[in-house]
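Here's the letter readout for the chains.
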Amino acid sequence: MTAHARYGETLFAHDVPTERQRLRLVEDVFDPITIPVLRGRGIGPAWRCLELGAGAGSIARWMARRGAQVTATDTDTAFLDRVGEENPRVVRHNVVTDDFPPGSFDLIHARFLLEHLPQRDALVAKIAGWLAPGGWLVVEDAAAFAMEASPYPVMRRMRIAMRRYMESTIGTDAHWSPQLPMLMTAAGLVETGMSVAVIVNDHGPATDFMRATAGQLGPGMVADGLVTAAEFTAAMRLFDEPSYVDMLAAMVSAWGRR
């Protein structure tokens, strides 16, 4: 297996000056998709919830406002400084190397996390083991089709370069997410399901999110020869064109019950 840097230590590291703002854009764009999925699992008061890779903490805070007892984890908790000291409870935790006791949680949620981890298949079963009987696992990750379907050739080249750069650098697999229901079933979960949401540029938060993500990856993609500097600049300029209408990203939401 090819050795990769670890997610969060190089790409998308918390010490990148634009990363906190990029994560807030993730919240602005994707929370309205995530929250109905979690509501659909019946989350309520006294539920024990785990938010893996909690980022800047918006979903952990939302769970807590529902009356749940929330544990918010990340390998770097610097951006969780505004979440709260008691609920949500913030824990520095690595999902690959660290554990929780079996039956600890009624709901476990991870968004844009497992796709970046080479151990992703085994982690679905590991995380499912932390569920209490009747508990739900919800995993949300990107789907590559939206990144690769742009009708604008220069944008399509840049977005394919983004996928390849994340794959070669940290081991991301943007084609993985459709397998989630199958992996959850193999882990012994039932009532599995899936939904897919497509994000279209809005010249607002969605466009800003993709611009920020591409901006962080751009220097590395150019240095590795995945896209030329001229192509990257041309693609970034498209974001400012009023006539630019395109799919920016797609997110698979998958769930299963213990």
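Residues numbered from 1 in each chain as written. Predicted model: local features only at pLDDT ≥ 70, side-chain atom pairs only at ≥ 80, totals over all residues. Heavy atoms only, no water.

A.B. asks: What is the right way to read the packing of helix 1 (residues 19-40) against helix 2 (residues 58-65) from this model?
C.D. replies: Each packed pair of helices is defined by two parameters, the angle between the axes and the distance between the axes. Running from N to C, helix 1 and helix 2 cross one another at 40°; their axes reach a closest spacing of 10 Å. Classified by the angle their axes make, helix 1 and helix 2 are oblique. The interaxial crossing formed by helix 1 with helix 2 has right-handed handedness. Counted together, Glu-27, Asp-31, Thr-34, Ile-35, Leu-38 and Arg-39 of helix 1 and Ser-58, Ile-59, Arg-61, Trp-62 and Met-63 of helix 2 form the full contact between these two elements. Considering only residue class, the contact of helix 1 with helix 2 consists of 5 nonpolar, 2 polar and 4 charged. (Axes fitted to C-alpha atoms, helices over the stretch in contact; angles between N-to-C directions. Helix = DSSP H or I, 4+ residues; strand = E, 2+ residues; numbered from the N terminus. Parallel < 35°, antiparallel > 145°, perpendicular 65-115°, else oblique. Left-handed = near helix turned anticlockwise from the far one by under 90°. Contact = heavy atoms within 4.5 Å. Nonpolar A, V, L, I, M, F, W, Y, C, P; charged D, E, K, R; others polar.)

A.B. asks: Got a minute to help me understand the packing of aromatic side chains in this structure?
C.D. replies: Each pair of aromatic rings is reported with the distance of its centres and the angle of its planes. With the rule as written, the count across this model stands at 6 aromatic pairs. Judged by centre distance (4.9 Å) and plane angle (85°), the rings of Phe-30 and Phe-112 are edge-to-face. Of this pair, Phe-30 sits in helix 1 while Phe-112 sits in the loop between strand 4 (105-111) and helix 3 (120-128); the two residues are 82 residues apart in sequence, bridging distant segments of the chain. The same class applies to Phe-30 as to Phe-112, namely buried. Summarising the aromatic geometry, the rings of Phe-239 and Tyr-244 are spaced 6.1 Å apart at their centres and angled 80° between planes, so their arrangement reads as edge-to-face. For the pair formed by Phe-239 and Tyr-244, the shared burial category is buried. Among the aromatic residues, ring-to-ring pairing joins Phe-30, Phe-112 and Phe-209 into one connected group. For Arg-41, the ring lying beneath its charged end belongs to Trp-255, and the centroid distance is 4.4 Å. (Phe/Tyr/Trp six-rings, centres within 6.5 Å; stacked < 30°, edge-to-face > 60°. Buried < 20%, exposed > 50% of the residue type's maximum accessible area, 1.4 Å probe, protein only. Lys NZ or Arg CZ within 6 Å of the ring centre and 35° of its normal.)

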